[in-house]
Amino acid sequence: MDRRTDRGVDRRGVLRGGLVTTGGAALALLTGGPTALAAGRSAPALLRGGRPRLTHGVQSGEVTAREAVVWARSDQPARMLVEVGRRPDFRDARTLPGPVLTPDTDLTGKAFLRGLPSGEELHYRVRLADLDRGLASEPVAGRLRTASTRARDVRFVWSGDLAGQGWGINPEFGGYRIFKAMSGVDPDFFLCSGDLVYSDGPLTETVKLPDGRTWRNIVTPEKSAVAQTLAEYRGQFRYNLEDANLRAFNAHVPMLYQWDDHETLNNWYPGEILDLPQYTEKRVDVLAARARRAMFEYTPTAVRAARGGRLYRKVSYGPLLDVFMLDMRTYKSPNDADTSPTQRDGLLGREQSAWLKRELRNSRATWKVIAADLPIGLVVPDGTAQEAAAQGDDGVPLGREREIADLLSYARRHRVRNMVWLTADVHYTAAHYYDPAKASFKDFDPFWEFVSGPLNAGAFGPNKLDGTFGPVARFVQAPPHANTSPAEGFQFFGEVEIDGDSAALTVRLRDLDGRALHTETLVPRR
C-alpha cells in the first residue's frame with residue numbers, strides 16, 4: 001500500500017482556497033511582489049534595519065489528516081506568511097497570512113493550518129513581511145506529511161533529553177548528530193518525550209573526557225547559568241536551534257512535543273520551594289510559569305497558552321494510530337517515599353486521568369500509543385524520595401502506582417486493546433514487557449513499554465525494575481558508567497513502524513548512528 005498518497009483525495013483541493021487560517025480566512029494567491037507580502041501595518045514599528053530575517057529555521061508540528069502548525073522566528077517585528085503546496089518548486093502554492101511576530105513572544109509565531117488534504121506530502125515555505133516598507137525576507141522551506149484517512153503505513157521516531165549534564169553542541173563531534181540518523185529513517189513525525197532543553201544545565205566551553213580528549217561546547221550567555229528569567233528560558237530553546245542538524249530535521253520532520261522536568265529544573269513538582277544556592281527565585285511555580293511560556297513560544301504545538309495551555313491531548317494520525325500525549329509534570333504530587341496505601345493520583349491528576357480513560361475507551365484507532373514523560377516500572381530516585389511511580393518494593397500498588405493500577409484495570413474492563421507505552425527520561429534504551437502473570441497486581445492486560453534516549457546528554461542506567469506490574473526487561477543497552485558523553489556513543493532513539501496492510505506495529509531501538517539494536521513486532525489484538 002502506498003504510504004505517501006491517499007488516492008481518494010481531490011488532488012487540487014488545496015489549490016482551490018480550501019486551506020484556511022484558524023479564524024477562517026481563505027488563502028490568497030501568492031503574487032510574488034513585495035507589496036503583496038506586506039501586511040499588518042497597524043502593528044507598532046520598532047527601530048530596525050534591512051529586510052527581516054528568519055533566525056532559527058522553520059518547524060512544523062501537530063500534523064493530522066487536515067491540520068498542522070508551522071513555526072518561525074524573526075529578527076525584527078514582521079508578518080509571517082506561509083506558502084503551502086504539493087510541489088517543491090511551489091508553483092501550485094497558495095499563501096497563508098500568519099501572525100505578526102513581536103517582541104512580546106520573542107519574535108516567534110505559529111501559523112495554524114486547517115483544511116489540508118489528507119494522505120499527502122506537502123511543501124511549505126515561510127517568509128517574513130516587513131510591517132512598514134514592503135520588504136520581504138528570504139524564504140525558508142519545509143516539508144510535512146498529513147495523516148491518511150485510510151489505513152496506510154505510518155513511521156515515527158521518539159526520544160528525549162537534549163544538551164543535558166554539560167554536553168551541548170560540539171562542532172568537532174558533528175553537533176547534534178543523532179538528528180541526521182533519525183532523519184535517515186524518513187519518519188512521518190518525531191515524538192519528543194520531554195527535556196527538549198536543559199534549563200538547569202549550564203555549559204562550560206570545555207570538558208575533559210576520560211580518554212584524554214576534550215569536549216568543546218558552543219556556549220551562549222543563557223547557557224552559562226541556570227535559567228530563572230523568561231529571557232533566560234527563551235535562550236535555552238534558541239541555543240538548541242543553533243545546531244544545523246536540528247534545524248534541518250525540524251524543516252522535514254513534524255514534531256509532537258511534551259515537556260518533562262528539565263524545561264524548568266530537575267525533578268520539580270508544583271508548590272516546591274527550592275533550597276539551592278544557584279537560584280535567587282526559590283518558588284518553582286514562578287519558574288515553571290516562565291518555562292511554560294517559553295516552551296509555548298518555541299515549539300510547534302497546537303496548544304495555546306491563552307486558552308489554558310492544557311498540555312495533555314490526543315493526536316490522531318489516521319485509523320491505525322492515536323497518540324495520547326500525557327503531562328506527568330503539571331499535576332505531580334511532591335516527591336516523597338511514594339508508599340501511601342490510600343493515594344489516588346500523583347502523576348496525571350484526576351481530570352487528566354478521567355480524560356485519558358474516556359479517550360482510550362472511545363478511540364477507534366488500532367494502536368493507542370501512550371506518550372509518557374516518565375516510565376512506569378523503573379525506579380527513578382530523587383535523593384531519598386521517588387520521582388516516578390515505582391519505588392522498588394515489588395508489592396501491591398502504593399503511592400503513585402495506585403493511579404497507574406486504576407488506569408490499567410479500567411483499560412482491561414473496557415477492552416481497550418493495543419496500548420503501547422513510549423518514554424525516555426532515564427538516559428538509556430530498553431524494551432519492557434509487562435506480564436500480569438509475574439506481577440503483584442494482576443488486573444490488567446499485558447502490554448509493552450519502550451524506553452529510548454538521550455538525544456545528546458549524559459548517559460546513565462540501567463535503573464531497577466519494580467515488580468508491581470510484572471515488567472520483564474527483554475532488552476537493555478546502557479553505558480558502563482554514569483554520565484558518559486555523546487562521544488562514547490550511548491545515545492539512542494526509537495522507531496515505530498505500523499504496516500498499513502497487516503496493522504502490525506514494529507519497534508526498533510536504534511543508536512546514535514541509526515543502527516538497529518533491538519526489534520519487536522507486535523500483532524494487534526482484535
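Here, every reference points to the structure presented above.
Residues numbered from 1 in each chain as written. Predicted model: local features only at pLDDT ≥ 70, side-chain atom pairs only at ≥ 80, totals over all residues. Heavy atoms only, no water.

(A) Here's a closer look at the sheet that holds strand S20 (residues 429-434). The mixed open sheet is built from seven strands, whose spatial order is S14-S15-S16-S19-S21-S20-S22. Where the open sheet ends on each side, the last strands, each with one partner, are strand S14 (313-316) and strand S22 (471-477). Pairs of neighbouring strands in the sheet enclose a mean axial angle of 20 degrees, with direction left out of account. Summarising the sheet, strand S19 (residues 419-423) and strand S21 (residues 447-451) pair through four bridges and their orientation is parallel. Looking at the pairing, Thr423 lines up with Val451 of S21. (Pairing = 2+ DSSP bridges. Helix = DSSP H or I, 4+ residues; strand = E, 2+ residues; numbered from the N terminus. Axes fitted to C-alpha atoms, helices over the stretch in contact; angles between N-to-C directions.)

(B) The packing of helix H3 (residues 230-240) against helix H5 (residues 284-298), seen in detail. Closest axis-to-axis distance for the H3/H5 pair is 9 Å, and the angle between their directions is 40 degrees. Our classification of the angle between H3 and H5 gives oblique. Handedness of the H3/H5 crossing: right-handed. In this structure, H3 uses Leu230, Tyr233, Arg234, Phe237 and Arg238 to contact H5, whose residues at the interface are Leu287, Arg290, Ala291, Arg293, Ala294, Met295, Glu297 and Tyr298. In terms of residue class, the contact of H3 with H5 is made up of eight nonpolar, no polar and five charged. (Parallel < 35°, antiparallel > 145°, perpendicular 65-115°, else oblique. Left-handed = near helix turned anticlockwise from the far one by under 90°. Contact = heavy atoms within 4.5 Å. Nonpolar A, V, L, I, M, F, W, Y, C, P; charged D, E, K, R; others polar.)

(C) Structural context of the packing of helix H6 (residues 349-362) against helix H7 (residues 401-413). Closest axis-to-axis distance for the H6/H7 pair is 10 Å, and the angle between their directions is 20 degrees. By the angle between their directions, the pair H6 and H7 is classed as roughly parallel. Every pair of crossing elements has a handedness; the one defined by H6 and H7 is right-handed. Of H7, the residues touching H6 (which contributes Gly349, Ser353, Leu356, Lys357, Leu360 and Arg361) are Glu403, Asp406, Leu407 and Tyr410. Taken together, the residues that form the contact of H6 with H7 break down as four nonpolar, two polar and four charged.

(D) Molecular detail of unusual backbone geometry. Residues Gly453 and Pro454 are joined by a peptide bond in cis, for which omega reads 5 degrees. By the element assignment, Pro454 lies in the loop between S21 and S22. Residues Gly461 and Pro462 are joined by a peptide bond in cis, for which omega reads 0 degrees. Of note, Pro462 is situated in the loop between S21 and S22. Non-glycine residue Glu62 carries a positive phi angle of around 55 degrees.

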